[in-house]
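# Topology and contacts: notes
Residue strings, one per chain:
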Amino acid sequence: MITPDLLLDPQLKYWVLLPISFVMVFIGLLRSNITFLLQAPPKLEGFKAVREKQFLRRAASFKTNNQVLTEEEFEVRKQYFIEKLNSTDFYAKIEDSNQDPMSQLTDPGMNDALMNMAKGNVMNFIPQTVIMAWVNYFFAGFVVMKLPFPLTDGFKSMLQNGIATPDLNVRYVSSISWYFVNLFGLRPVYSLLMGGSEADALMSQQQQQSPLPNIGGPGGPKVDKLFKAEAENIQILSHESVFEGIAERVLESYGV
Amino acid sequence: MSDITLLKNKLLLVASSGAFANFSPEQVKEYNDELEHFLLVSTDSLDSIELFNLYELEFYLALISKNDIKAKSVLDRLLDQFGSNKKSQRIKLLQSLFLEATGERDQATKLLEKNPDEMLLSRRLTTFSRNNDDEKDNEDYIYNLIFYLDLQPSDLVTWAELGDEYSKIGHYDKAIFSFKEILLQDPYAYPVFYKVALNYYYNFLQEEKNLKTERKDKLVELSELLINARDNALRCIEICDVYAKSWLLIYIISTHKFNEKLSKLDSVKEIKDYLVTNERLRKLSEIKISELIPEDERANVLAQLQLK
Amino acid sequence: MATNSSTAAFYVVGLLLLIHSGYSSFEFHKLSIVSHYHGSLPIDIVLETVIAIIIIVIGAITSVSNTPVLSLKGEQINSRSKFLKFIEMKDAVTVIESIGLSDYEELNTRVGFINIIKKRREYSEWLGQST
């Protein structure tokens, strides 16, 4: 069965296809630059909060790595951690248990975090909505290109969004679908244009620096719950030392 | 892979590992020249992280080699290119070092204690209580380190510093505690296992010197220190079997005179096991040492193991 | 540098073949439209493409090799394993040990605690000796 080809005006390429791509790339660049400018510089955490987190981390690593200790060392440290985790010595701040829950909302730290989240979301959604409206307004129902390879019918809803012709060959792409393809496919282009590898390196460096749990932040668990849970974990810990029979092990690995 | 990339990797490794802090003066000079030449030729090919690290290295080397003018100019360059928000603790740390080195200790102190949340700077502040002339007089310093560790319980570098300070004044049990604290958070840090072993061994030497009686329970107590030293050295070997110093320690322990005294205590099970494996460990470590350490360096390394 | 030049050779030959086969296929399609010919692509073009891709893949595989490292003393050290990095820690640490460092060097050097005054004194003493 040979269906006659749909003849596409070559001018479509210059006036619809490329403009959509260019606009999206430029707006994407603009957006990431504005987000960068809006980003608040990373704030230094108070030393008390850091102390609390680091202590929790120390307790947690005792839990996982206690095999490097001998039996006596293990017992001494176990008692120490249980005692400290059950006291309030390492709390960043001691809270009233019967505090008004509404007062949390006026906490400045909380507000900052919420504000940052809101900013990020706004910067993500507004430009996308604007471009989509623009494409829909000017190029609604356009068939902009024909793919050079055949596809199955399953791609119809993806490639021919916004055209009400159920029998059209799947190889034709509508303008709004081209917009979506760009939306998801332009990430590598951005990282190429903005030197993404360096940014990634910075990002991973920051993540390495603070693998600390988020205590008492928005949505985070409360410190006393965490400390109690950790104390219980340590209470039931059993100990096996890595030095048990180590001489035999080493000698064996050399076949002596 | 071109030579220039190899050189870059090496310099970056030196910068990030901090190896320059233990360089001999010859090495400082050599690296100073090498780095200067490298930066002259290929600054453009570096990304900003690499550039920062290398400038930092250049600053340290210049400061150590008493080239204050160059150190100042590197510092200004760092501030120019990276210090836009004036908040970087790393740059402030360098500034304070410069002030300290040029004798303006008060100003350095002022810079460091401005904000208690800047822990990197508070850490540097602890070193101001160190007696730079007599390393054994470090009571204040240890007190400050402990205070800092109470605030930052998982700062491994400070634990290592504390361990070494204790080791200097012969508090080997406390040194071992500090090093074990590192191992708890980094259970594969084999050089630290070696340090633990070494401190157990020093502890043993210290106790042995004070040993007056030949009573059985005393000897068992001492043998425990020796066994612990051996076990930690073996753990280091287990993770990294080219760690020559650790093999040497095993050899020394297995050939120690004290083992003869122990042979009378065959009835205790631990000691019997220890003596049986000792002989085999001696042979193995002899082979390994002859593989790893060249003949002419052996005496030198041995001398380092003596109790100071 | 032998691996590098052979890799380059593989890439060049593979790419040339690939471009050539692509051009042939383009010509063929042009011709078949003009002459209303409805046959499939000739087997030699397909073969050429497949061979080109295989050659490029071989080139990519031979380009994988461990780079040598410079030790602290400036000697070039080649890794014991030619192509891939070691998986077991016992072997993996030998690479950095051969440089003269370890992965845990910062615990040993402790730059944050550097005794700068002492280092400077040592340096000037050395200078005084050598001149």
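The structure displayed is predicted, hence computed values, not measured ones. (Residues numbered from 1 in each chain as written. Chains lettered and ligands numbered in written order. Predicted model: local features only at pLDDT ≥ 70, side-chain atom pairs only at ≥ 80, totals over all residues.)

Looking now at the overall build of chain C. In terms of regular secondary structure, chain C is built from five helices and two strands. Secondary structure elements of chain C occur, N-terminal to C-terminal, as α-α-β-β-α-α-α. Over its C-alpha trace chain C gives a radius of gyration of 28 Å, far above what one expects of a compact globule, namely 14 Å for 131 residues. Dimensions along the principal axes, computed over C-alpha positions, put chain C at roughly 90 × 35 × 30 Å. In chain C, buried positions account for 12% of the 131 residues. Of the contacts formed within chain C by residues at least 6 apart in sequence, a portion of 57% connects residues at least 24 apart. (Helix = DSSP H or I, 4+ residues; strand = E, 2+ residues; numbered from the N terminus. Rg over C-alpha atoms; globule rule 2.2 N^0.38 Å. Buried ≥ 20, exposed ≤ 12 C-beta atoms within 10 Å, placed from the backbone. Contact = placed C-beta atoms within 7 Å.)

What follows concerns the overall build of chain A. When its secondary structure is counted, chain A shows 10 helices and two strands. Ordered by position from the N terminus, the helices and strands of chain A form the series α-α-α-α-β-α-β-α-α-α-α-α. The burial tally for chain A puts 18% of its 256 residues in the buried class.

This part covers the interface of chain B and chain A. In this complex, chain B contributes 29 residues to the contact, which on the side of chain A involves 30 residues. Elements supplying a minimum of two residues to the side of chain B that touches chain A: α3 (48–64), α10 (172–185), α12 (216–239) and α15 (269–292) of chain B. When residues in the side of chain B that touches chain A are grouped by element, the largest group, six residues, is from α12 of chain B. For the side of chain B that touches chain A, the per-class residue count stands at 12 nonpolar, seven polar and 10 charged. (Nonpolar A, V, L, I, M, F, W, Y, C, P; charged D, E, K, R; others polar.)

Val192, Ala197, Tyr201, Ala229, Ala233 and Cys236 of chain B are the most contacted members of the largest nonpolar core, which totals 68 residues. Grouped together as the second largest cluster of nonpolar side chains are 35 residues, Leu11, Val14 and Leu121 of chain B together with Ile99 of chain C included. (Core = buried A, V, L, I, M, F, W, Y, C linked by C-beta atoms within 7 Å.)

With 37 residues of chain B at the interface, the matching set in chain C holds 34 residues. Secondary-structure elements contributing two or more residues to the side of chain B that touches chain C are α1 (3–17), α2 (25–42), α3, α5 (89–101), α7 (119–126), α9 (156–168) and α11 (190–210) of chain B. Of the residues belonging to the side of chain B that touches chain C, the class tally is 23 nonpolar, seven polar and seven charged.

In this section: the arrangement of the chains. The chain pair with the greatest number of contacts, out of two pairs of chains in contact, is formed by chains B and C. A minimum C-alpha distance of 12 Å separates chain A and chain C, which share no contact.

Each assigned domain of chain C is listed here: domain 1 (2–62) and domain 2 (69–130). Distance from the C-alpha centre of domain 1 of chain C to the C-alpha centre of domain 2 of chain C: 49 Å. (Domains from an automatic or database assignment.)

What follows is about the confidence of the model for chain A. For chain A, per-residue confidence averages 81 on the pLDDT scale, and 82% of positions sit at 70 or higher. Mean pLDDT in chain A bottoms out at helix α8 (residues 196–209) of chain A, which sits at 60, and peaks at helix α3 (residues 71–86) of chain A, which reaches 92. (pLDDT = per-residue confidence, 0-100.)

Every α-helix winds through 3.6 residues per turn, so residues three or four apart in the chain are directed the same way. With 16 residues, α3 of chain A extends 23 Å from end C-alpha to end C-alpha; this agrees with the ideal 22 Å at 1.5 Å per step. Looking at the buried positions of α3 of chain A, the neighbouring elements they touch are α2 (47–65) and α9 (223–235) of chain A. (Expected span 1.5 Å × (residues − 1).)

Its 13 residues place the ends of α9 of chain B 19 Å apart at the C-alpha level, agreeing with the 18 Å of an ideal helix rising 1.5 Å per residue. Judged by how many residues are buried, α9 of chain B sits mostly within the fold: 10 of 13 residues are covered. Each element contacted by the buried residues of α9 of chain B is listed here: α7, α8 (139–151), α10 and α11 of chain B together with α4 (105–109) of chain C.

The next point concerns the packing of α5 of chain B against α7 of chain B. Residue and element names in this part refer to chain B. The geometry of α5 relative to α7 is characterised by a closest axis approach of 9 Å and an angle of 25 degrees between their N-to-C directions. By the angle between their axes, α5 is roughly parallel relative to α7. α5 and α7 meet at a crossing whose hand is right-handed. Together, Gln89, Lys92, Leu93 and Ser96 of α5 and Leu120, Leu121 and Arg124 of α7 make up the contact between the two elements. (Axes fitted to C-alpha atoms, helices over the stretch in contact; angles between N-to-C directions. Parallel < 35°, antiparallel > 145°, perpendicular 65-115°, else oblique. Left-handed = near helix turned anticlockwise from the far one by under 90°.)

Residues and elements named next belong to chain C. In this fold, Leu41 is placed in the loop between α1 (2–34) and α2 (43–62). Distance from Leu41 to His29, taken between C-alpha atoms, is 8.4 Å for residues 12 residues apart in sequence. Apart from the residues within four sequence positions on either side, Leu41 is in contact with Ser25, Phe28 and Val46.

Further remarks concern unusual backbone geometry. All names here are of chain C. Positive phi, normally seen in glycine, also occurs at His36, with a value near 50 degrees. Note on placement: His36 falls in the loop between α1 and α2. You can call His36 exposed: it has 6 C-beta atoms within 10 Å. The phi dihedral of Arg110 is positive, around 50 degrees, even though this residue is not glycine. Along the polypeptide, Arg110 turns up in the loop between α4 and α5 (116–130). Among the residues examined, Arg110 registers 19 C-beta atoms within 10 Å and is labelled partly exposed.

All right, on to the environment of Ala59 of chain A then. Residues and elements named next belong to chain A. Positionally, Ala59 belongs in helix α2. A residue is classified by how many C-beta atoms lie within 10 Å of it, and Ala59, with 25 of them, is buried. Separated by 122 residues in the primary sequence, Ala59 and Val181 have C-alpha atoms spaced 48 Å apart. Among all residues touching Ala59, those that are not within four sequence positions of it are Phe81, Leu85, Glu230 and Ile234.

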